[in-house]
Amino acid sequence: GMGSISPVPFAGNEFMQKVEERVIKPTVAGLMKDGIPYQGFLFFGLMNVNGDPFVIEYNVRLGDPETESILPRIKSDLLEIFLATANNTLSEIELIIDERTAACVMIVSGGYPGDYVKGKVITGFESVDKSLVFHAGTIINENQVVSSGGRVIAVTSLSHDLKNAVALSLESASKIRFENSYFRNDIGKDLM
């Protein structure tokens, strides 16, 4: 929950074929067998174990903070995709994905994932110009943005290489401040 990368370098054709054969097709077949006409997100949380995919979770929503790395890469109109899903015309939609890598770094409240204090004034947004800033656990209080959760801000950057995408997100995250906030500096390092 502290950051995400999309796409991950190990998810090449061979790995993705295993995901399709071992996870996606059996899941869809199970839904059909049970008579569940599911429409919407079906998010597979996967782990790579020696080149083999293992499911660690299923969600009927996008995961967080994976969403903040996935959605910025979708160039197609998201509303059009949602409408096509609802109207059973999704096969007619061309899904265009940005080839760049997205790196998301989550800024969290001190104490997260345990106890943390809310209501800390957040500053520095105006200094971020190379990244997208997503408000996760914030509210406006007396005309100031303040923290209201454990995972407070997600910072996502796109670049043609993983190392630069991560560097941009870390640079931007360092500009956003609130008392006792922190973020991990090692997001994506295991993939480089």
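On a predicted model such as this, the values are computed, not experimentally measured, just so you know.

### Here we look at the sheet that holds strand 5 (residues 132-135)
Thinking step 1. Read from one edge to the other, the open sheet built from four strands follows the order 1-4-8-5, with strand pairing classed as antiparallel. With one partner strand each, in any of the chains shown, strand 1 (3-6) and strand 5 form the two edges of the open sheet. Strand-to-strand, the axes of this sheet are offset by a mean angle of 15°, without reference to chain direction.
Thinking step 2. Where strand 5 meets strand 8 (residues 151-159), four bridges bridge the pair, whose relative direction is antiparallel. In the sheet register, His-135 faces strand 8, and the bridge partner there is Ile-153.
Thinking step 3. Sitting on the sheet, helix 4 (residues 162-173) touches strand 1, strand 4 (101-108) and strand 8, and the angle it makes with strand 8 is about 140°.

### Topic: helix 4
Each α-helix turn comprises 3.6 residues. Residues three or four places apart therefore point the same way.
Thinking step 1. Over its twelve residues, helix 4 extends 16 Å from the first C-alpha to the last, a length consistent with the 16 Å expected when each residue adds 1.5 Å.
Thinking step 2. Against the buried residues of helix 4 lie strand 1, strand 4 and strand 8.
Thinking step 3. Where helix 4 begins, the side chain of Asp-161 points an oxygen toward the backbone nitrogen of Lys-163, at a separation of 3.3 Å.

### A closer look at the nonpolar core
Thinking step 1. Ile-5, Ile-107, Ile-122, Ile-153, Val-155, Val-166 and Ile-176 are the most contacted members of the largest nonpolar core, which has 23 residues in total.
Thinking step 2. Those elements giving two or more residues to this core turn out to be strand 4, strand 8 and helix 4.
Thinking step 3. Here the element with the most residues in this core is strand 4; it accounts for six residues.
Thinking step 4. Leaving out residues up to four positions away in the same chain, Ile-176 has contacts with Ile-107, Ile-122, Thr-123, Gly-124, Phe-125, Val-128, Val-133, Ile-153 and Val-155.

### Regarding the packing of aromatic side chains
Thinking step 1. On inspection of all chains with the given rule, the structure shows three aromatic pairs.
Thinking step 2. Ring plane angle 85° and centroid distance 5.3 Å describe the contact between Phe-10 and Phe-15, whose orientation is recorded as edge-to-face.
Thinking step 3. Measuring from centroid to centroid gives 5.9 Å for Phe-41 and Phe-82, while their planes differ by 85°, and the two rings are edge-to-face. Here the residue Phe-41 occupies a position in the loop between helix 1 (13-33) and strand 2 (43-49), and Phe-82 occupies one in helix 3 (residues 78-86), the gap between them amounting to 41 residues.
Thinking step 4. With relative accessibility at 34%, the residue Phe-41 sits in the partly exposed group.
Thinking step 5. Residue class for Phe-82 comes out partly exposed when judged on its relative accessible area of 39%.

Reading the values: rules and limits
Residues numbered from 1 in each chain as written. Predicted model: local features only at pLDDT ≥ 70, side-chain atom pairs only at ≥ 80, totals over all residues. Heavy atoms only, no water. Pairing = 2+ DSSP bridges. Helix = DSSP H or I, 4+ residues; strand = E, 2+ residues; numbered from the N terminus. Axes fitted to C-alpha atoms, helices over the stretch in contact; angles between N-to-C directions. Contact = heavy atoms within 4.5 Å. Expected span 1.5 Å × (residues − 1). Polar contact = N/O pair within 3.5 Å; in protein donor to acceptor, adjacent residues only side chain to side chain. Core = buried A, V, L, I, M, F, W, Y, C linked by side-chain atoms within 4.5 Å. Buried < 20%, exposed > 50% of the residue type's maximum accessible area, 1.4 Å probe, protein only. Phe/Tyr/Trp six-rings, centres within 6.5 Å; stacked < 30°, edge-to-face > 60°.

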